[in-house]
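Tertiary structure, described
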Amino acid sequence: MEAKPAGELGTAPRARMGAWRFVVWFGTVSLLADFVYEGARSVTGPLLSSLGASALVVGVVTGAGEAAALGLRLVSGPLADRTGRFWALTIAGYLLTVVSVPPLGVVGTLWAACALVVAERVGKAVRSPAKDTLLSHATAATGRGRGFAVHEAMDQVGALIGPLTVAGVLALTGGSYGPALGVLAVPGAAVVGLLLWLRGRVPDPRRYEDGAQASPEATQTPAPKPAPANAAARARRLPTAFWTYAAFTAATTAGFATFGVLSYHLVQRHLLAPAWVPVLYAAAMAVDAVAALVSGWFYDRHGPAVLAVLPLLAALVPALAFTDAVTVAVAGSLVWGAALGVQESTLRATVADLVPPGRRATAYGVFAGVVGGASLVGGALTGALYGVSVPLLITVVAAIQALALALLVLTRTRRRR
């Protein structure tokens, strides 16, 4: 049986907040956290370079950070399920992130800055499975797609504000990283304070899911109902449909170009000045937020069939983004943002519908590991093929996305059994 610490599970009083309010407040937490770490990530390369890092060091450090952010969830997910300390892991992960960022601008030594970059990503690994599980309980009442979509949209607002704030402070201070990253301590403190307040208001979000059958909002949507939290929910093996769905996700992600490759093309072909690349990235994040809301709305009305749009968007990205016409290439980057919005919202919603509560944090950890590995393959594949032949790149990506569509159909078939 799962551990049920006091104040975490089972013994907590009824939530003193509606499910939608919980989603919005949790979205505010993510907005502020993205303000912090996306602000820092927007200047990680130049910052490390100013401390003497080579391109290889920057690549290794940022790659190690992403590997930690995704791979370590294979540990933090099962840990959350085993201990039941979802709030504790969520708060600890956010705390590690927000205390790692502000010192980046003042440490003054390369090794210390590299350690802080990786520590920030480890914080994301610690919190993400537990955080997604807490959120999944509330989305059982609001509608899976809409709940995760609103959260993702708010998350992307922070991803937009953070880099622009850092850029503004850099401009005002003549390129000083200390003040530019130090200012991020303010939203960082707000993250911790808001999390502690939210935990006090809703110590046991599982009550949202327990009462979802009686919720008028939840009964209006045809998305698949989660399996009951009975003995099967505590079984060690994750559902077969989840593994098929993970294979679909791996396929569509492995054929998904990274923004790094897209921006490399824009600058190398002299389609866009380097100073405009962050602006395009911000625009892609805005499209990400809108796509998350739209796909979430359709998911709650039509179920997982809406995910068929993801392989189509992913196949369209290289066909547009790697042209030599600036308007078409920019449009490809915006399509990339739309695909990312579906990836980071509706994909997570489906996991909650496929896996019962007792194994959900584990599933999110495994899912993140799959996405991380596939992202590494996708970045390497598109980067390598870009150097060989753009038409070949477009063809290979289209073939991979066709495979992803077939796996999505198989997932839906197994889910009905």
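Residues numbered from 1 in each chain as written. Predicted model: local features only at pLDDT ≥ 70, side-chain atom pairs only at ≥ 80, totals over all residues. Heavy atoms only, no water.

**Remarks on the overall build of the chain**
To keep it simple, the criterion reads: Put simply, DSSP marks the helices as runs of H or I at least four residues long and the strands as runs of E at least two long, and each gets a number from the N terminus on. Exposure is judged per residue with a 1.4 Å probe applied to protein chains only, and the accessible area is read against the type maximum: over 50% gives exposed, under 20% gives buried, and values in between give partly exposed. Should any heavy atoms of two residues lie within 4.5 Å, those residues are considered in contact. For accessible areas, the Shrake-Rupley method is used with a probe of radius 1.4 Å. Any residue's cover is judged against the shown protein chains and nothing else.
Tallying secondary structure elements over the chain gives 17 helices and zero strands in all. Within the span of the chain, comprising 417 residues, buried residues form 54% of the whole. Long-range pairs, those at least 24 residues apart, make up 85% of the contacts in the chain between residues at least 6 apart in sequence. Summing over all exposed atoms, the chain offers an accessible surface of approximately 16500 Å²; the carbon and sulfur share of this is 69%.

**Re the side chain of Glu152**
Inspection of the secondary structure puts Glu152 in helix α7 (residues 144-172). Owing to a relative accessible area of 3%, Glu152 belongs among the buried residues under this scheme. What Glu152 contacts, discounting residues up to four positions off in sequence, is Asp288, Ala292, Gly341, Glu344, Ser345 and Arg348.

**Details of the side chain of Thr362**
Inclusion rule: We define a polar contact as two N or O atoms separated by no more than 3.5 Å, with the added condition that, inside protein, one atom must be a possible hydrogen donor and the other a possible acceptor, whereas residues neighbouring each other in sequence contribute only through side-chain atom pairs.
Turning to its location among the elements, Thr362 is positioned in helix α16 (residues 360-388). There is a polar contact of 2.6 Å between the side chain of Thr362 and the side chain of Asp81. Every residue in contact with Thr362, bar those within four places of it in the chain, is listed here: Gly77, Pro78 and Asp81.

**Notes on a nonpolar patch on the surface**
This is how it is decided: Patch membership requires more than 30% relative accessible area and the absence of a salt bridge. Residues of like charge join within 9 Å; the nonpolar side chains Val, Leu, Ile, Met, Phe, Trp and Tyr join within 5 Å. The working definition used for a salt bridge is a side-chain nitrogen of Lys or Arg within 4 Å of a carboxyl oxygen of Asp or Glu.
Taken together, the side chains of Val290, Val294, Trp297 and Phe298 define a hydrophobic patch exposed on the protein surface, amounting to about 360 Å² of accessible area. With respect to the helices, strands and loops of the structure, Val290 is situated in helix α13 (residues 277-302). Its relative accessible area of 51% is what places Val290 among the exposed residues.

**Regarding the nonpolar core**
Note the threshold: Nonpolar core, defined: a set of buried Ala, Val, Leu, Ile, Met, Phe, Trp, Tyr and Cys residues in which side-chain atoms within 4.5 Å join the residues together.
Grouped together as the largest cluster of nonpolar side chains are 80 residues, with contacts concentrated most on Phe22 and Phe26. Sorting elements by how many residues they give to this core places helix α15 (residues 326-354) first, with eleven residues. Setting aside anything within four residues of it in sequence, one finds Phe26 in contact with Trp87, Thr90, Lys131, Leu134, Leu135, His151, Leu195 and Leu198.

**Quick notes on the confidence of the model for the chain**
The criterion, for reference: Think of pLDDT as the predictor's per-residue confidence, scored from 0 to 100.
Summing up the model confidence of the chain, the mean pLDDT is 82 and the portion of residues at 70 or higher is 86%. Within the chain, the lowest mean pLDDT, 71, falls on helix α3 (residues 55-71), and the highest, 96, falls on helix α5 (residues 86-100). In this model, residues 1-13 is a region of pLDDT below 50 whose contacts with residues beyond four sequence positions or in other chains number 38 contacts. Confidence drops under a pLDDT of 50 for residues 215-234, and excluding neighbours within four residues, the segment shows 40 contacts in the predicted structure.

**A short note on the environment of Phe367**
Its location among the elements puts Phe367 in helix α16. As for Phe367 and Trp243, which are separated by 124 residues in sequence, their C-alpha atoms are 9.0 Å apart. When sequence neighbours within four positions are dropped, the list of residues in contact with Phe367 reads Phe242, Tyr245, Thr249, Leu347 and Val351.

**Some words on helix α1 (residues 19-41)**
In plain terms, the rule: To estimate how far a helix should reach, multiply one less than its number of residues by 1.5 Å. Two axes are fitted around each residue, one to the seven residues ending there and one to the seven starting there, and the angle between them is reported as the bend at that residue.
With 23 residues, α1 extends 32 Å from end C-alpha to end C-alpha; this agrees with the ideal 33 Å at 1.5 Å per step. Considering bend angle alone, the principal kink of α1 is centred on Asp34 and spans about 25°. In terms of burial, α1 is largely enclosed, as 17 of its 23 residues are buried.

**Here we look at the packing of α1 against helix α9 (residues 185-201)**
A pair of packed helices is captured by two measures, namely the crossing angle of their axes and the spacing between those axes. The following threshold applies: Lines fitted to C-alpha atoms define the axes, with helix axes restricted to the stretch in contact, and inter-axis angles between N-to-C directions lie between 0 and 180 degrees. Roughly parallel covers angles under 35 degrees, roughly antiparallel covers those over 145, roughly perpendicular covers 65 to 115, and oblique covers all other angles. Take the far helix as your reference; a near helix turned counterclockwise from it by less than a right angle gives a left-handed crossing, and one turned clockwise gives a right-handed crossing. Ten residues, namely Ala, Val, Leu, Ile, Met, Phe, Trp, Tyr, Cys and Pro, are considered nonpolar, four, namely Asp, Glu, Lys and Arg, are considered charged, and the remaining ones, Gly among them, are considered polar.
As a packed pair, α1 and α9 sit with axes 8 Å apart at the nearest point and diverge in direction by 160°. Classified by the interaxial angle, the pair formed by α1 and α9 is roughly antiparallel. Where α1 crosses over α9, the two elements pack in a sense that is left-handed. On α9, the residues that touch Arg21, Phe22, Trp25, Phe26, Thr28, Val29, Leu32, Ala33, Phe35 and Val36 of α1 are Pro187, Gly188, Ala190, Val191, Leu194, Leu195, Trp197, Leu198 and Arg201. The class makeup of the residues in the contact of α1 with α9 is 15 nonpolar, two polar and two charged.

**Regarding the pattern of salt bridges**
A full pass over the atoms with the stated rule returns nine salt bridges. Asp204 is the salt-bridge partner of Arg206, the closest N and O atoms lying 3.9 Å from each other. A residue is classified by how much of its surface remains accessible, and Arg206, at 23% relative accessible area, is partly exposed. With relative accessibility at 3%, the residue Asp204 sits in the buried group. When the shortest N-O distance is used, the salt bridge between Arg269 and Asp324 registers 2.6 Å. With Arg269 in the loop between α12 (259-268) and α13 and Asp324 in the loop between α14 (309-321) and α15, this residue pair connects regions lying 55 residues apart in the sequence. Taken together, the shared-partner salt bridges in this structure form one network comprising Arg144, Glu209, Asp353 and Arg360.

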